[in-house]
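# Close look at the chain arrangement
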Amino acid sequence: AALVLTLNNVALSAEKTIGQALTIGGDTGAGNKVTVVATNANITATNGYGVIIYNPVDMTLTNSVVTAYGALYFKAADGSQGSAGSVVKTINTELNTMNLHTAATNQFGTVVFEDNNITVTMENGQISAVAGVVLGTIEQYAVLMKNNVTGIKFETNANTLVYGNDISTLLQGNLDGN
């Protein structure tokens, strides 16, 4: 059976060193997606992940704000199904990140893809990536694709803000749209 999670007018916060405010994981069974519908949600994980996705998901975020080191993080299969096949739509939603780390190895992004064949569509709203530390070569991307992922679709008409110290790139990786 499919799992459906509905979040209306909620605040989720994870303020630990590497917190996860909303984690989509567990054994959902082959071919099953988790459906998440969030409206007026405020999801915060200053030093961690706002929404971390270990399994395929159909998610809609409406009139919401996600603020974290990584706002949406799509994980590859590693002890889980992986997030391949996920579809996420945001409507009038803000996805915000700030990199507070000092080492260049701590580069990350607002939306991070570690798995293949994922679609993210943003209608209105905002996506922002901020490098907040003067020390070192810190990079924070609006969209970051790791592990040579393929089949990524990222569509937006949202305002895109990328700013801060030593921030260099809006996009890291290749969007192939397949």
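What counts and what doesn't
- Residues numbered from 1 in each chain as written.
- Predicted model: local features only at pLDDT ≥ 70, side-chain atom pairs only at ≥ 80, totals over all residues.
- Heavy atoms only, no water.
- pLDDT = per-residue confidence, 0-100.
- Contact = heavy atoms within 4.5 Å.
- Core = buried A, V, L, I, M, F, W, Y, C linked by side-chain atoms within 4.5 Å.
- Buried < 20%, exposed > 50% of the residue type's maximum accessible area, 1.4 Å probe, protein only.
- Helix = DSSP H or I, 4+ residues; strand = E, 2+ residues; numbered from the N terminus.
- Salt bridge = Lys/Arg side-chain N within 4 Å of Asp/Glu carboxyl O.
- Polar contact = N/O pair within 3.5 Å; in protein donor to acceptor, adjacent residues only side chain to side chain.
- Phe/Tyr/Trp six-rings, centres within 6.5 Å; stacked < 30°, edge-to-face > 60°.

In this model, the chain carries an average pLDDT of 82, and 82% of its residues clear a pLDDT of 70 or more. Counting contacts from residues 165-169, a segment whose pLDDT is below 50, to residues more than four positions away or on other chains yields 22 contacts. Of the regions scoring below 50 in pLDDT, residues 171-178 engages in 20 contacts with residues more than four places distant in sequence or in other chains.

Residues Met 59, Phe 74 and Phe 113 are the most contacted members of the largest nonpolar core, which totals 36 residues. For this core, the element with the highest residue contribution is strand E7 (residues 65-74), accounting for five residues. Excluding residues that lie within four positions of it along the chain, Met 59 makes contacts with Ile 24, Val 36, Val 51, Ile 53, Val 87, Val 88 and Lys 89.

In this structure the tally under the stated criterion is four salt bridges. Two residues, Lys 89 and Glu 123, come together in a salt bridge whose shortest N-O distance is 3.2 Å. In this pair, Lys 89 is assigned in strand E8 (residues 87-91) and Glu 123 in strand E11 (residues 118-123), connecting sequence segments 34 residues apart. For Lys 89, a relative accessible area of 33% gives the class partly exposed. In this structure Glu 123 comes out as partly exposed when scored by relative accessible area, which is 31%. Among the salt bridges present, the one from Lys 146 reaches Glu 114, with a minimum N-O distance of 3.6 Å. Here Glu 114 lies in the loop between strand E10 (108-113) and E11 and Lys 146 lies in the loop between strand E13 (140-145) and strand E14 (152-156), a separation of 32 residues in the sequence.

Excluding glycine, a negative phi dihedral is what most residues carry, and trans is how most peptide bonds are arranged. Unusually for a residue other than glycine, Asn 40 sits at a positive phi of about 55°. Within the secondary structure layout, Asn 40 lies in the loop between strand E4 (34-39) and strand E5 (42-53). Residue Asn 40 is classed as partly exposed on the basis of its relative accessible area of 38%. For Asn 148, which is not glycine, the phi torsion reads 55° and is therefore positive.

Attention shifts here to the side chain of Ser 86. Summarising the element assignment, Ser 86 is placed in the loop between E7 and E8. From its side chain, Ser 86 meets the backbone nitrogen of Val 57 in a polar contact 3.0 Å long. Those residues in contact with Ser 86, other than ones at most four positions away along the chain, are Ile 53, Asn 55, Pro 56, Val 57, Phe 74, Asn 117, Ile 118 and Thr 119.

With that settled, the discussion passes to the packing of aromatic side chains. Across all of its chains, the model carries six aromatic pairs by this definition. Note on Tyr 49 and Phe 108: the rings are 5.7 Å apart at their centroids and 55° apart in plane angle, and the pair reads as tilted. Of this pair, Tyr 49 sits in strand E5 while Phe 108 sits in strand E10; the two residues are 59 residues apart in sequence, bridging distant segments of the chain. Accessibility classification places Tyr 49 together with Phe 108 in one group, the buried group. Centroid distance Tyr 69 to Phe 108: 4.9 Å. Interplanar angle 10°. Geometry classified as stacked. With a gap of 39 residues between them, Tyr 69 in strand E7 and Phe 108 in strand E10 connect regions that are remote in the sequence.

Inspection of the secondary structure assignment puts Glu 94 in strand E9 (residues 94-99). Looking at Glu 94, the relative accessible area reads 33%, which means it is partly exposed. With 27 residues separating them along the chain, Glu 94 and Thr 67 place their C-alpha atoms 8.0 Å apart.

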